[in-house]
Amino acid sequence: MTVFVLASVAIVLVLVALALRPLWTGARRSALALALALGVGTAGLYALLGTPDALDPAQVKAPETLEEAIVQLERRLADEPGSVEGWVLLGRSHAARENWPAAAEAFGKAQALLPEEPDLMVELADARMRAAPDGRFPADAVALLERAVTLRPDHQRALFYLGAQQLQAGQPAEAAATWGRLLPLVDANTAKALRPQLDMAREQAGLPPLEPAPEAAAGPSLAVTVDIDPALASQLPPGGTLYVFARTLEGGLPVAVKRLPAESFPVVVSLSDADGLMPAQKLSGQARVLLMARVSRSGDAGASPGDLEAEALELDVADGATARLVIAKVVQ
């Protein structure tokens, strides 16, 4: 039983790592809530691949490779076709092997079980595009992307793919508008990669280029890693907003704050003077700050019952200083 458990955990961890591949080369990792569904852990994989009797080493051989895990998943799903997590795992596994038709079929089964889940819509649209002989988004994939953006207007991956499809389809003005919605949602590195594509779309549409990006503010920059306690992962609200901020030790308004979709953890957030609310009170003017992180259900910056937050942490302000916050409690 121990061998099976360890092998199961290893396979799940590999698949979760594959799920967090970058949205663009060199950009930050995409924020997919489905990573939580993939991390079902030993109990989830056991439910998919085994029964109590099957844990007897004399009766079953634990999967040692991705191919063996796929075979066992397919067998189990033939008996339990209503397992969303199982179909997602199977789709991710086929995607890791670049078997895109099979990945699209598996994601399609999962999406049929959760038809209004934006993350699944984007996964399925992506797989169908990659499976298409011409490398274009087919009509049903376009419909999925449009629906995902309707349900979650700040879905970064859906907005990027939809803009790419619009440019592909000879609609540069629409692509420019879609990517224009995406630009303020992403971090500085991703924005730097996106701006040339956005300017290209604007040029094709006969629109002027964007104004140059503002220069980064001088002063120290803090790198804050925010993670979530696995015990609270299931309580992460759909469409929730993550606030990461630094306050003076005396309290008051934050001297730096970042707001981003609460979709994937861990996430690394940079705080600097560019993230300040008031010119008179800057991060660079503090010797030490109180770091905080909160997932807001409503999107408001103020704490409300049911929000998820991390224990506050003090940190010396110095360029390159790092800290880790773990969201591990529910606001009462």
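Refer to the structure presented above.
The residue count restarts for each chain, going from 1 along the sequence in the order it is written. For a predicted model such as this one, the threshold for reporting local features is a pLDDT of at least 70, and the threshold for listing and counting side-chain atom pairs is 80 or more; totals across whole chains, interfaces and linings nevertheless cover every residue. Only hydrogens and water are removed before side-chain values are computed, so all heavy atoms of the structure are retained for them.

Caption draft 1: Structural context of the nonpolar core. Nonpolar core, defined: a set of buried Ala, Val, Leu, Ile, Met, Phe, Trp, Tyr and Cys residues in which side-chain atoms within 4.5 Å join the residues together. Burial status follows relative accessibility: with a 1.4 Å probe on protein chains alone, a residue under 20% of its type maximum counts as buried, one over 50% as exposed, and anything between as partly exposed. Phe137, Leu145, Trp179 and Leu182 are the most contacted members of the largest nonpolar core, which has 34 residues in total. In DSSP terms, a helix is any run of H or I states spanning at least four residues, a strand is any run of E spanning at least two, and both are numbered starting from the N terminus. Looking at this core, the elements with two or more residues in it are helix H6 (100–113), helix H7 (118–131), helix H8 (139–151), helix H9 (156–168), helix H10 (172–182) and helix H11 (188–204). Setting aside residues no more than four positions away along its own chain, phenylalanine 137 makes contact with Ala125, Asp126, Met129, Val142, Leu145, Tyr161, Gln165 and Gln168. Ranked by size, the runner-up nonpolar core spans 30 residues in total, among them Leu236, Leu242, Leu283 and Val289. We call two residues in contact whenever any of their non-hydrogen atoms come within 4.5 Å of each other.

Caption draft 2: Focus on a nonpolar patch on the surface. To count toward a patch, a residue needs a relative accessible area above 30% and no salt bridge. Like charges then connect within 9 Å, nonpolar side chains (Val, Leu, Ile, Met, Phe, Trp, Tyr) within 5 Å. In these tables, accessible area is a Shrake-Rupley quantity obtained with a 1.4 Å probe, and a residue counts as shielded only by the protein chains included in the view. The salt bridge definition used is simple: a Lys or Arg side-chain nitrogen within 4 Å of an Asp or Glu carboxyl oxygen. On the surface, Leu253, Leu277 and Met278 cluster together to form a nonpolar patch covering roughly 270 Å² of accessible area. Along the chain, methionine 278 falls in the loop between strand S4 (267–271) and strand S5 (288–296). For methionine 278, a relative accessible area of 33% gives the class partly exposed.

Caption draft 3: Spotlight on the environment of serine 272. Within the element layout of this structure, serine 272 appears in the loop between S4 and S5. Spatially, the C-alpha atoms of serine 272 and lysine 258 are 9.7 Å apart, while their sequence positions differ by 14 residues. If near-sequence neighbours (up to four positions away) are discounted, serine 272 is found in contact with Pro220, Ser221, Ala256 and Leu283.

Caption draft 4: Just the side chain of aspartate 275, in detail. Mapping aspartate 275 onto the fold places it in the loop between S4 and S5. The exposure class assigned to aspartate 275 is buried, which follows from its relative accessible area of 12%. Residues within four places of aspartate 275 in sequence aside, it is in contact with Val255, Ala256, Val257, Lys258 and Ser270.

Caption draft 5: Examining H9 more closely. One fewer than the residue count of a helix, multiplied by 1.5 Å, yields its expected span. Taking 1.5 Å per residue, 13 residues should reach 18 Å; H9 reaches 18 Å between its end C-alpha atoms and fits that length. Among the 13 residues in H9, eleven count as buried, and that is most of the element. For H9, the complete set of buried residues consists of Gln156, Arg157, Ala158, Leu159, Phe160, Tyr161, Leu162, Gly163, Gln165, Gln166 and Leu167. Just downstream of H9 lies glycine 170, where phi reads positive at about 75 degrees.

Caption draft 6: Fine view of the environment of phenylalanine 137. Its location among the elements puts phenylalanine 137 in the loop between H7 and H8. Sequence spacing of phenylalanine 137 and tyrosine 161 is 24 residues, and the spatial spacing of their C-alpha atoms is 9.0 Å.

Caption draft 7: Summary view of the pattern of salt bridges. According to the stated counting rule, one finds 18 salt bridges in the structure shown. With a shortest N-O distance of 2.5 Å, aspartate 316 and arginine 288 are connected by a salt bridge. Here arginine 288 lies in strand S5 and aspartate 316 lies in strand S7 (residues 313–316), a separation of 28 residues in the sequence. Where salt bridges share partners, they join Arg92, Glu123, Asp126, Arg130 and Arg157 into one cluster.

Caption draft 8: Looking closely at unusual backbone geometry. Following phenylalanine 265, the chain continues to proline 266 via a peptide bond in cis, the omega torsion being 0 degrees. Considering the arrangement of structural elements, one finds proline 266 in the loop between strand S3 (251–261) and S4. We note that glutamate 98 has phi near 60 degrees; this positive angle belongs to a residue other than glycine. Residue position: glutamate 98 is located in the loop between helix H5 (84–96) and H6.

Caption draft 9: Expanded view of H7. In this model, H7 (14 residues) spans 20 Å end to end at C-alpha, consistent with the 20 Å of a helix rising 1.5 Å per residue. Summarising burial for H7: eleven of the 14 residues are buried, a large majority. The complete set of buried residues in H7 reads Pro118, Asp119, Leu120, Met121, Val122, Glu123, Leu124, Ala125, Asp126, Ala127 and Met129. A 3.5 Å cut-off defines polar contacts: any pair of N or O atoms within that distance qualifies, except that in protein one atom must be a possible hydrogen donor and the other a possible acceptor, and neighbouring residues in sequence count only when both atoms are side-chain atoms. Near the N-terminus of H7, the side chain that reaches the backbone nitrogen of aspartate 119, with its oxygen 3.1 Å away, is that of glutamate 117.

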